[in-house]
Amino acid sequence: MSNLPGFEQMWRDLTPIGRSASSGGYFRQPWHPAELELRAWFREAATARGLEVEEDPFGNLVAWWGPAAEFASTGKVLTGSHLDSVLDGGAYDGPLGVVSSFAALDLMRERGVEPTRRLGVAAFVEEEGSRFGRACLGSRLAVGATKWSDAAELTDRDGVRLGDVIEGGESTMLDGVATYVELHVEQGRGLIDLDAPVGVHDGIWPHGRYRYDIAGRADHAGTTRMEDRVDPMLTYAMTALAANKQARLQGQRATFGRIDVRPNGTNAVPSHVTAWLDARAESDAALVSLVSEIERQATERAGRDGTTVTVTAESVSGEVAFDPALRDELAGLLGGVPILPTQAGHDAGILQDAGIPTAMLFVRNPSGVSHSPYESAETADCLAGVEALADALTGLVAGEVAK
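Here the structure is a predicted model, which is why all the values come from computation and not from measurement.

Caption draft 1: Inspection of helix H2 (residues 33-48) at higher detail. Compared with the 22 Å implied by 1.5 Å per residue over 16 residues, the 23 Å span of H2 between its first and last C-alpha is a close match. Residues of H2 that are buried include every one of Ala34, Glu35, Leu38, Arg39, Trp41, Phe42, Ala45 and Ala46, and no others. The arc that holds every buried residue of H2, seen down its axis, measures 155°, which confines them to one face. For H2, the exposed residues lying more than 90 degrees away from the buried face are Pro33, Glu44 and Thr47. The inward-facing, buried residues of H2 contact helix H1 (7-14), strand E1 (52-55), strand E2 (61-65), helix H3 (95-110) and strand E4 (119-124). Trailing H2 by a residue or two, Gly50 shows a phi angle of about 70°, which is positive.

Following this line, the structure appears as C-alpha cells:
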C-alpha cells in the first residue's frame, strides 16, 4: 500500500485538469476532454489498487474491492461521488468524494480490515446537469428514475443529442447495493458555525429547474417608442426580481442563473427570452408555493407587457430524508458529529429515493462558497473526512453497522 498515492498526491494530480487559466475555476462537462481525462485517472487509480472497474451504458463507473463471487450472499456497500463540474466551478464539489473514497479504502487496508461485504467506489456521470440540463442524470439512469428513451433526446447548448454521444441501454451496476455513503464538501456555512470539520446530513431540500419561455416582438431599439414595444426582457426582469423577493419572504431559495436572449443584438428589442429558474424549499409544499407565486407574478407582468410566458418544469426532485437509522448510527460511530440538512442536490438523494439506504458525510468549507472558484477545504479537514469515511465504511463492511 505504501507505493500508492495518498490523498494529497491524488489531489495534486487532479488540480490542473479542466482548470481555467483566467478564472481558476473548473470546466469539467461530461464527455468533454477534461472529464474524460478524469475518468482515465479513475481507472488508473482503481487498477493501481487491484480493483475491478465496471462501467454501465451511461458512463457511470464503479471500482469494486474483492471478487463478486466471494460476497454473493451479502449486500454491497457503495461510496463515491462525481467528477464533473458546473461551469467555472470549484475543485471540491464531487472530486473530493471520489478521491476521499480511494484514500479511505487505502486506510482500511492499512488497518487490516477484512470486509465481509463487497465495497465499491463510484463516479456518477453528469451529476451537475451542466451539459444536458438534467441534474444527477447518471444516477437517475442507473436506478431507472429516468428512462433512457427520454434522456437520449436531451440536447446540450450546441444542439448535440445525448443519444448521439452514448449508446445507452440498461444498467445493472447498482444491483445488490444495500448501502450508499457519499462524502462531499459542504456547500454552506453549517460546519463553520459549529466549528466542526466533519458532519452528517439528514436530508435534502426539494428542488427543481424550471424553464421560462417569454415571447415578445423584435423591433428597432432606436425608432420604436417605449410605449409601442412588446419587450420580453421587461417581463423577465420583473420575474427575476419577483423570484428574489418571494424567496426572501418565504425563507426559501430562488435563482435565475442562466438566460438566452434572441436575437441578442445590442440595438434590437428582443423577440424571445428563455431563462432558467433554480428553486429550492424546505418542504414539497413550500416549493410548490414558491414556484407558483413566481409564475403568477410573471404571468401578470406579461399581461402588462403584451408578452406571453410558458413555464416548463425540466427537473424536479422531491424532499429526501436519508435513512434515519443509518444516519444516527454513523453519527454515533464518528463521535457524535453534527447532523445538518442540505439545500444542495446529490446522487445520494437519487439512490435513497430508489430504496437504497443512504448517508452523507460533509467536510467543512472555510469559505462557505460553492459552485465557484472560491470553493475550498483545508487539507486537515479533508484528511479528517477520509478518516471518518474509513470508519463509516469499516463499520458497514465489517459488520459493525447493521445496514
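That was the structure; now back to the text.
Caption draft 2: Structural detail: helix H8 (residues 284-305). Compared with an ideal rise of 1.5 Å per residue, which puts 22 residues at 32 Å, H8 spans 32 Å between its outermost C-alpha atoms and is within 8% of the ideal. Along H8, the residues classified as buried are Ala286, Leu287, Leu290, Val291, Ile294, Gln297, Ala298, Ala302 and Asp305. Burial along H8 is one-sided: seen end-on, the buried residues are contained in an arc of 145°. Structural note: H8 exposes Ala285, Val288, Gly303 and Arg304 on the side pointing more than 90 degrees away from its buried face. Close packing links the buried residues of H8 with strand E7 (207-215), helix H7 (232-250), strand E9 (253-262), strand E11 (272-280) and strand E12 (308-317). With its phi angle positive at about 80°, Gly306 sits one or two positions after the end of H8.

Caption draft 3: Structural context of the pairing of E4. Summarising burial for E4: 6 of the 6 residues are buried, a large majority. Two elements, E2 and E4, share 5 bridges in a ladder whose sense is antiparallel. The residue bridging Val62 from the neighbouring strand is Ala122, located in E4. Judged from the 6 bridges that link them, strand E3 (residues 76-82) and E4 form a sheet pairing that is parallel. Looking at E4, one finds that Leu78 is bridged to Gly120.

Caption draft 4: Main features of the sheet that holds E7. An order of E9-E11-E7-E12 is seen for the 4 strands of this open sheet, with the pairing classed as antiparallel. Either end of the sheet is taken by a strand with one partner, and the two such strands are E9 and E12. Between one strand axis and the next, the sheet turns by 20° as a mean value, whatever way the strands run. One ladder, built from 9 bridges, connects E7 with E11; its direction is antiparallel. Bridging across to E11, Arg209 finds its partner in Asp278. Most of the contacts of H7 go to E9, to which it runs at about 170°, and overall it touches E7, E9, E11 and E12. Packing against the sheet, H8 makes contact with E7, E9, E11 and E12, and its axis sits at approximately 5° to E7.

Caption draft 5: Highlighting the packing of aromatic side chains. Counted by the stated rule, this structure contains 9 aromatic pairs. Here the aromatic rings of Phe42 and Phe102 are separated by 5.2 Å at their centres, their planes lie at 55°, and the arrangement is tilted. Of the two residues, Phe42 sits in helix H2 while Phe102 sits in helix H3, which places them 60 residues apart along the sequence. The burial state of Phe42 is the same as that of Phe102; both residues are buried. Members of the aromatic cluster, each reached through a chain of ring pairs, are Phe7, Trp11 and Tyr92. A cation sits over an aromatic face here: Lys76 above Trp64, 4.8 Å from the ring centre.

Caption draft 6: Representation of the pairing of E1 within the structure. Pairing geometry for E1 and E2, over 4 bridges, is antiparallel. When the bridges of E2 are listed, Glu54 appears paired with Val62. The antiparallel pairing of E1 with E2 creates a hairpin that spans 5 residues between the two strands, and Gly59 there sits at a positive phi of about 100°.

Caption draft 7: Just the packing of H2 against H3, in detail. It is the contact of H2 with H3, at a shortest axis distance of 11 Å, that shows an interaxial angle of 10°. The pairing of H2 with H3 is recorded here as roughly parallel in orientation. Mapping the contact onto sequence places Trp41, Phe42, Ala45 and Ala46 in H2 and Val98, Val99 and Phe102 in H3.

Caption draft 8: Spotlight on the nonpolar core. Judged by nonpolar contacts, the single largest core of 55 residues is most densely connected at Trp41, Phe42, Leu96 and Phe102. Broken down by element, the residue count for this core peaks at 9 residues, all from helix H11 (residues 379-397).

Cut-off values and rules
Residues numbered from 1 in each chain as written. Predicted model: local features only at pLDDT ≥ 70, side-chain atom pairs only at ≥ 80, totals over all residues. Heavy atoms only, no water. Helix = DSSP H or I, 4+ residues; strand = E, 2+ residues; numbered from the N terminus. Expected span 1.5 Å × (residues − 1). Buried < 20%, exposed > 50% of the residue type's maximum accessible area, 1.4 Å probe, protein only. Arc of directions from axis to C-beta. Contact = heavy atoms within 4.5 Å. Pairing = 2+ DSSP bridges. Axes fitted to C-alpha atoms, helices over the stretch in contact; angles between N-to-C directions. Phe/Tyr/Trp six-rings, centres within 6.5 Å; stacked < 30°, edge-to-face > 60°. Lys NZ or Arg CZ within 6 Å of the ring centre and 35° of its normal. Parallel < 35°, antiparallel > 145°, perpendicular 65-115°, else oblique. Core = buried A, V, L, I, M, F, W, Y, C linked by side-chain atoms within 4.5 Å.

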